[in-house]
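Observations on chain architecture
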Amino acid sequence: MTKTPLTNSGFYSESPRSGVLGWLLSTDHKRIGMMYLGCITTMFIVAAVLGLAMRLQLFTPGQHIMTAQTYNATFTVHGIIMIFLFIIPSIPAAFGNLLLPIQIGARDVFFPKLNLLSWYLYISGAILAILAIFTGTGAPDTGWTFYVPFSTQTSTNVSLAAMAAFMLGFSSILTGINFVTTIHRLRAEGMGWGRLPLFVWTLYATAWIQVLATPMLGITLVLVMLERFFGAGLFDVASGGDPILFQHLFWIYSHPAVYIMILPAMGVISEIIPTFSRKPLFGYWAMAISSLAIAFAGSLVWAHHMYASGMSDFAILVFSLLTFIVAIPSAIKIFNWISTLYKGSIQLGPPMLYALAFILQFAIGGLGGLALGAAAADIHLHDTTFVVGHFHYTMFGGTGFAFFAALHYWLPKFTGRMYNHKIAFIAWGLLFVGFNVTYMAMQAVGIQGMPRRYYDYLPEFQTLNMVATLGSWVLAAGLIMMFANLLKGMLNGKLIGMNPWGGATLEWQVPSPPPMLNFGKEDPVVTRGPYDYKGVKADEF
Amino acid sequence: MSFEHRDDTGDRFGMWLFLYTEVILFSGLFILYAIALITYPQEYITASNKLNIWFGGANTVVLLTSSLTIALAITAIQRNQIRLCINLCVATIGLAIVFLINKYFEWSHEISLGIYPASETLRDMGPGVTSFFNLYYFTAGLHGLHVLIGATLITVVAVMVAKGKVTSDRYVLLENSALYWHLVDLVWIFLFPLYYLII
Amino acid sequence: MSEEKHEPVPYQTFILIWVALIILTGITVGVAQFDFGAVNIWVALSVASLKSALVLFVFMHLRQESLLFKIGLLAMLIILVIFIGLTFTDVLYREVLP
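Note that residues are indexed from 1 along each chain, following the sequence as it is written. Key to labels: chains lettered from A, ligands numbered from 1, both in the order written. With the structure being a predicted model, the display of local features is reserved for residues of pLDDT at least 70 and the display and counting of side-chain atom pairs for 80 or more, all residues being used for whole-chain, interface and lining totals. Heavy atoms from the whole structure form the basis of all side-chain values; hydrogens and water molecules are not counted.

Comments concerning the overall build of chain B
So the rule is basically this: Labels follow the DSSP assignment, with helices taken as runs of H or I lasting at least four residues and strands as runs of E lasting at least two, numbered in each case from the N terminus. Whether a residue is buried, partly exposed or exposed follows from its accessible area with a 1.4 Å probe, protein chains only, as a fraction of its type maximum: under 20%, in between, or over 50%, in that order. Any two residues whose heavy atoms approach within 4.5 Å are treated as being in contact. A residue counts as positive if it is Lys or Arg and as negative if it is Asp or Glu; His and the chain ends are not included. Charged groups are reduced to one reference atom each: NZ for lysine, CZ for arginine, CG for aspartic acid, CD for glutamic acid.
Of regular secondary structure, chain B possesses seven helices and zero strands. Written out in order from the N terminus, the α and β elements of chain B read α-α-α-α-α-α-α. Judged by the C-alpha coordinates and their principal axes, chain B covers about 60 × 30 × 30 Å. Counting all 199 residues of chain B, 63% fall into the buried class. Considering only contacts in chain B between residues 6 or more positions apart, those separated by 24 or more positions represent 82%. For chain B, the separation between the mean place of its 10 positive charges and that of its 13 negative charges on side chains is 9 Å.

If you want it as C-alpha cells, here you go:
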C-alpha cells in the first residue's frame, strides 16, 4: 500500500474552497465534525492538565503548588471547560456531526449553515471562557455551578464566564434543533424508525433535551449577569428574590444536561458492543425507548442536587422518589448490553475494551448515584469528594471512556488510517487502572468525610489522597499514550478499507474517509437493519 | 460542492423547535413570577396598580393587530398579491415601532417616578414591590428585545419579497419570520394580564 | 414526508380571529376591574391560554401542520408543566415562604 497524505482522499480533497477557508467556511458535516473534534480534544487536554494540577496540590496536606484562591479558580475553570466545552459537545457535536447524516443515509444535516454557526458559537464561547481566565479581575472562583449569592458578589470574572456558557448553550440548542429536524426529515428511503442505529436514537433523545432544557440555563445565566451589572436582585432575599430559586433554575437545565452528556455515550456503546460480539443488539426497541425514557425521566429529578439547600422536606421526598425512576431505563441498557455479549463471538478490539470499561464504570457510578439520590444518605455525602468521585465515574468513566471508544472505533473511518493496536491495549490498561484507583480513592475518602473544593485537608485523609494522586499519574500516562497513538495512526498508520471492524451500519458501506456528500450519485436505499451482521465481514488490515 | 435540498415543512419544523426554546427561555422568568406572586400577593397588587393599564392595553391591541397583519401577509403571498404582502409587512413593522415607542414612554414615566431596578425608591417600597418591578423590567425588556429582532427579521424578508427573492412559490422565510413574530405576541398575551391586571 | 403546501387561509378567517382576540382582551381587562380573589388570576390565565390557542392554531397555521408539530408542542408544554409543577413542590411546602 502506498502512503498518500491524509489530505488527498475523501472529503479532505473535495472542497469548493482550498486551504484553511475550505474548513472555516465549510458547511460539510464531516469537516465541521472534525473541527469540533480537534477543538474538543484540545479543551479536554487543557482541563485534564488543570485536574492533574489539583491532584498534585492535594498530594499531601498544606499549601504546595497553589494558594486557596488559585485552587478555587482551578476547579472552576476545570469544571467549566470540562462540562461546557468538552463533555456536552464531545459526542453529540463531534461524533454526532460526523456520523448522524451518514448513519441515516443523508448527505448532510438539515440546516448545514446553522451547523457552521453552531461551531462558531462554540468557538466564540471557548474564546470568551479563556478570556475570562486571563483578563479582568481574575479567573472565576465560583465552581462551574455559578451558585448565588457568591457568584453575584465575587469580584472575579464571573460575568464573562457566564456569557461564555450562555453562548455555548446557544450553540448546543442550535445543534439540537438541527439534529431533531435532520432525523425527522432526511432519513433515506427504507430507513424506518426501526432501522435507526441506536446511536441515532440516543442523539435524537439528546437533541430534544438540548432543545427543551438548555434555554433555562440561558435565562438563569442572563439573570446572574443582570444581577451583577444592574444589581437586579432577583435571587437576593432583600429584593424579594430567593437564592434557592437560582439552584432550581440552574439544575432544571443542568440535571437534564448530564443526560445530554451520557445518552450519546450510551449510543456509542450500543454500536460497539454488537459489532464486536457479532450479534444483533439485544432488545432493540427496549434500548430505543429507554433512551427516550431516560431523557424524560431526566427532566423530573433536578432538585436531588439540592437536598442540603434548605428547600422543603416535601420536595426532598418527591425528588428522592423520582430519582430512583432514572435507574430503571439505565438498568435496561446495562442488562441489554450484557445480554448482547452473552454467547456472542466476542472480539476484544480496542473500541470494545473501552466499551467494556464503560459498562463497569458506569454501573459503579450509577450505584453511587443511588446512594446520593437517597435523601438520608445524601445529607451525609453531600459536598464530599464522594460526589466528585461519583460524578467522574459517570462522566469520565462513562462518557469520557465512551468518547475514547468512539475515537478508536470511528477515527480510522474518518482518517482512512489505523492506529497501533498493541499500544492502544497498553494505553487502555493504564487508563483503566489509573481511572479506578484515582476515583475509587476519592469516593472512599469522601465517605470518610473529606469535603470537596478544599485545597487543604486534615492529616487523616492523607493516605487515600496520595493513592488518588498516584492514580492520576497513571491516568495521565495512559492519556498521553492513547492520544499519541491515535495521532500517529491518523498521520501515518496503515491504510484501511471500508469496514475495518465489520460493522453493519451505513457508515461502514462508504469509503474511508467518506467522500463529500457521503454517497455516490444515487441516494442510498436501506434494505437491512443496523445490527444485521449476516454476510458482513471485517476487512483485513 | 454543497448540499441542496428543498423541504419547506422541515424548515418550518426547525423554526417551531426554536420557538419551543424561546418559550422555555421566557418560562424561567414566569416561574420566578409565579413564586413571587404567591409569596407577596398583597405587594403584587400594590405594585401592579402602579402600572398604567392604558399603556399595556394599547400595546396589547397593537401587538394583536400586528399579528393579524403578518398572518394576512402570508395569505397575500400565497395568492401572489406581492404589493399587498409588502404593505402588510410594512404595517407590521410600523406597529412594532409603535409598540416600542409606547414602551419607551411608559418606561420613561416609571423611571421618572424613580422606579427602576436597584433604585432607592424601589428599595423603600419593600422586597415584594421590588421583586415585581425587577421581574417586570426584565421580562418586558427581554420581550422588547424580541420585538426588535422580530421587526428586523420582517424588514429583511420584506426587502426580499420586493426583490423577488421570496415569492408565491417559495415563501418559507416569510412564514418563519411570521412564526417568530407570533411568538412575540404569545409572550405578551401572558405578560399583559400577569403584570398589568393583578387585583 | 410529502412536500405539501398549505392552502391559503382566507383573509376573513384571520380578521375574525383578530376580532375574537380583541374581545377576549376586553374580557380580561373587564374581569380585572372586580375583585374575585384567587379566581381573577385563573380567569386571566384561562383567557390568555384561549387567546394563545387561537394564535397558535390559526395565525401560526398549526391547524394545517402535520401531527409531528402538534406532538412537539405538547411535549414542550408537558415539560413546562413539569418544570413549574415540581418547583412548586418546594416553594409551596416551605416552612418559611421565600
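Considering the overall build of chain A
The condition that has to hold: Reported accessibility uses the Shrake-Rupley method at a 1.4 Å probe radius. Residues are deemed covered only where the shown protein chains occlude them.
Of the regular secondary structure elements, chain A holds 15 helices and two strands. Based on the C-alpha atoms only, the size of chain A along its principal axes is roughly 65 × 45 × 45 Å. A burial count over chain A gives 64% of its 541 residues as buried. Sequence separation of at least 24 residues holds for 82% of the intrachain contacts in chain A that already meet a minimum separation of 6. Here chain A displays about 18400 Å² of accessible surface, and carbon together with sulfur accounts for 70% of that area. The average position of the 26 basic charges and that of the 20 acidic charges among the side chains of chain A differ by 14 Å.

Remarks on the packing of aromatic side chains
All names here are of chain A. Counted only if it meets this: Note on aromatic contacts: the rings of Phe and Tyr and the six-membered ring of Trp form a pair at centre separations within 6.5 Å, being stacked when their planes are under 30 degrees apart, edge-to-face when over 60 apart, and tilted otherwise. A positively charged side chain is recorded as over a ring if its NZ (Lys) or CZ (Arg) lies within 6 Å of the ring centre. The angle to the ring normal must also be within 35 degrees.
Following the criterion strictly, the structure yields 70 aromatic pairs over all chains and no others. With centroids separated by 5.9 Å and ring planes inclined at 70°, the aromatic side chains of tyrosine 71 and phenylalanine 75 adopt a geometry described as edge-to-face. In this pair, tyrosine 71 and phenylalanine 75 are both assigned in helix 3 (residues 68-103), four residues apart and thus about one turn of the helix distant. A residue is classified by how much of its surface remains accessible, and tyrosine 71, at 5% relative accessible area, is buried. Between arginine 31 and the ring centre of tryptophan 23, over which it is positioned, the NZ or CZ distance is 4.6 Å.

A closer look at the UniProt feature "transmembrane region" (unreviewed entry) in chain B
All names here are of chain B. What counts is decided by this rule: UniProt positions are given in the numbering used here, feature names are shortened, and annotations may be inferred rather than shown by experiment.
According to UniProt, the feature "transmembrane region" (unreviewed entry) maps to residues 16-41, 53-77, 84-105, 135-159 and 179-198 in the numbering used here. Secondary structure over residues 53-77 splits into 100% helix and 0% strand, and the C-alpha atoms at its two ends are 36 Å apart. Overall, residues 179-198 shows 90% helix and 0% strand. The separation of its end C-alpha atoms is 29 Å.

Observations concerning the pattern of salt bridges
This is how the line gets drawn: By convention in these notes, a salt bridge is any Lys or Arg side-chain nitrogen within 4 Å of a carboxyl oxygen on Asp or Glu.
All chains considered together, the criterion is met by 13 salt bridges over all chains. The partner of arginine 12 of chain B in a salt bridge is glutamate 175 of chain B, with the nearest N and O atoms 3.3 Å apart. Of the two residues, arginine 12 of chain B sits in helix 1 (residues 8-39) while glutamate 175 of chain B sits in helix 7 (residues 172-196), which places them 163 residues apart along the sequence. Three or more residues are tied together by salt bridges with common partners; here these are Asp242 of chain A together with Asp90 and Arg94 of chain C.

Let's talk about the side chain of threonine 323 of chain A
Residue and element names in this part refer to chain A. The criterion, for reference: Whenever a nitrogen or oxygen atom comes within 3.5 Å of another N or O atom, the pair is scored as a polar contact, on the condition that within protein one atom can donate a hydrogen and the other can accept it, and that pairs from neighbouring residues in sequence are kept only if both atoms are in side chains.
Inspection of the secondary structure assignment puts threonine 323 in helix 10 (residues 313-341). In this structure the side chain of threonine 323 is engaged in a polar contact, spanning 2.9 Å, whose partner is the side chain of histidine 304. At 2.5 Å, the side chain of threonine 323 forms a polar contact with the backbone oxygen of phenylalanine 319. Beyond its immediate sequence surroundings of up to four residues, threonine 323 is in contact with Val301, His304, Tyr307 and Gly373.

Points about the interface of chain C and chain B
Going by this rule: A 1.4 Å probe defines the accessible area here, and the buried area is the portion of it lost by two parts on being joined, summed over both. By the convention adopted, Pro, Cys, Tyr, Trp, Phe, Met, Ile, Leu, Val and Ala count as nonpolar, Lys, Arg, Asp and Glu as charged, and the other residues, Gly among them, as polar.
Residue-level contacts link 51 residues of chain C with 51 residues of chain B. At the boundary of chain C with chain B, total buried surface from both sides reaches about 4400 Å², with 75% on carbon and sulfur atoms. By the criterion of area lost to chain B, the three top residues of chain C are Tyr11, Met60 and Phe69 of chain C, representing 16% of everything that side buries. At the boundary of chain C and chain B, one finds one salt bridge. The partner of arginine 12 of chain B in a salt bridge is glutamate 65 of chain C, and the shortest N-O contact between them spans 2.6 Å. Viewed at the interface, chain B and chain C are joined by eight residue pairs in polar contact (both at pLDDT 80 or more). At the level of secondary structure, the elements contributing two or more residues to the side of chain C that touches chain B comprise helix 1 (11-31), helix 2 (39-59) and helix 3 (67-91) of chain C. The residue inventory of the side of chain C that touches chain B, partitioned by class, reads 33 nonpolar, eleven polar and seven charged.

Comments concerning the environment of proline 61 of chain A
Tracing the backbone through its elements, the reader meets proline 61 of chain A in the loop between helix 2 (29-57) and helix 3. With relative accessibility at 26%, the residue proline 61 of chain A sits in the partly exposed group.

As for the interface of chain A and chain B
On the chain B side, the residues contacting the 40 residues of chain A number 32 residues. Taking both partners together, chain A and chain B bury about 2900 Å²; carbon and sulfur atoms supply 79% of that area. Sorting the residues of chain A by area buried against chain B places Phe110, Ile219 and Leu234 of chain A first, and these three jointly supply 16% of that buried surface. In this structure, the connection of chain A to chain B is made through one salt bridge. A salt bridge links aspartate 7 of chain B to arginine 185 of chain A; the nearest nitrogen and oxygen atoms lie 2.8 Å apart. Where chain A meets chain B, there are two residue pairs in polar contact (both at pLDDT 80 or more). Residue assignment for the side of chain A that touches chain B shows that the elements contributing at least two residues are helix 6 (158-185), helix 7 (198-230) and helix 8 (243-277) of chain A. Counting residues per element, the side of chain A that touches chain B draws most heavily on helix 7 of chain A, which supplies ten residues. Considered class by class, the residues forming the side of chain A that touches chain B number 29 nonpolar, seven polar and four charged.

As for the side chain of histidine 143 of chain B
Residue and element names in this part refer to chain B. Within the secondary structure, histidine 143 is located in helix 6 (residues 127-162). Separated by 2.8 Å, the side chain of histidine 143 and the backbone oxygen of valine 184 make a polar contact. Leaving out residues up to four positions away in the same chain, histidine 143 has contacts with Phe26, Leu63, Phe99, Val184, Val187, Trp188 and Leu191.

Quick look at helix 2 of chain C
For the record, the criterion: Under the convention used throughout, the expected extent of a helix is 1.5 Å for every residue step, that is, one less than its residue count.
The end-to-end C-alpha distance of helix 2 of chain C is 29 Å, a good match for the 30 Å that 21 residues give at a rise of 1.5 Å each. Every buried residue of helix 2 of chain C is listed here: Asn40, Ile41, Ala44, Val47, Ala48, Lys51, Ser52, Val55, Leu56, Val58 and Phe59 of chain C. Considering only its buried residues, helix 2 of chain C is in contact with helix 1, helix 3 (53-78) and helix 7 of chain B together with helix 1 and helix 3 of chain C. Phi for histidine 61 of chain C, located one or two positions after helix 2 of chain C, is positive at around 65°.

Brief notes about the state of the cysteines
By definition, a disulfide links the sulfur atoms of two cysteine residues through a covalent bond. All names here are of chain B. Quick reminder of the rule: The disulfide criterion used throughout: a pair of cysteine sulfur atoms within 2.5 Å.
Within this structure, the stated rule accounts for zero disulfides over all chains. Here cysteine 85 stays unpaired: no disulfide links it, and the sulfur of cysteine 89, its closest cysteine neighbor, is 4.4 Å away. Among the residues examined, cysteine 89 registers a relative accessible area of 0% and is labelled buried.

Some words on helix 10 of chain A
Taking 1.5 Å of rise per residue, 29 residues should cover 42 Å, and helix 10 of chain A covers 43 Å from first to last C-alpha, within 8% of that figure. Among the residues trailing helix 10 of chain A, lysine 343 of chain A stands out with phi positive, at a value near 60°.

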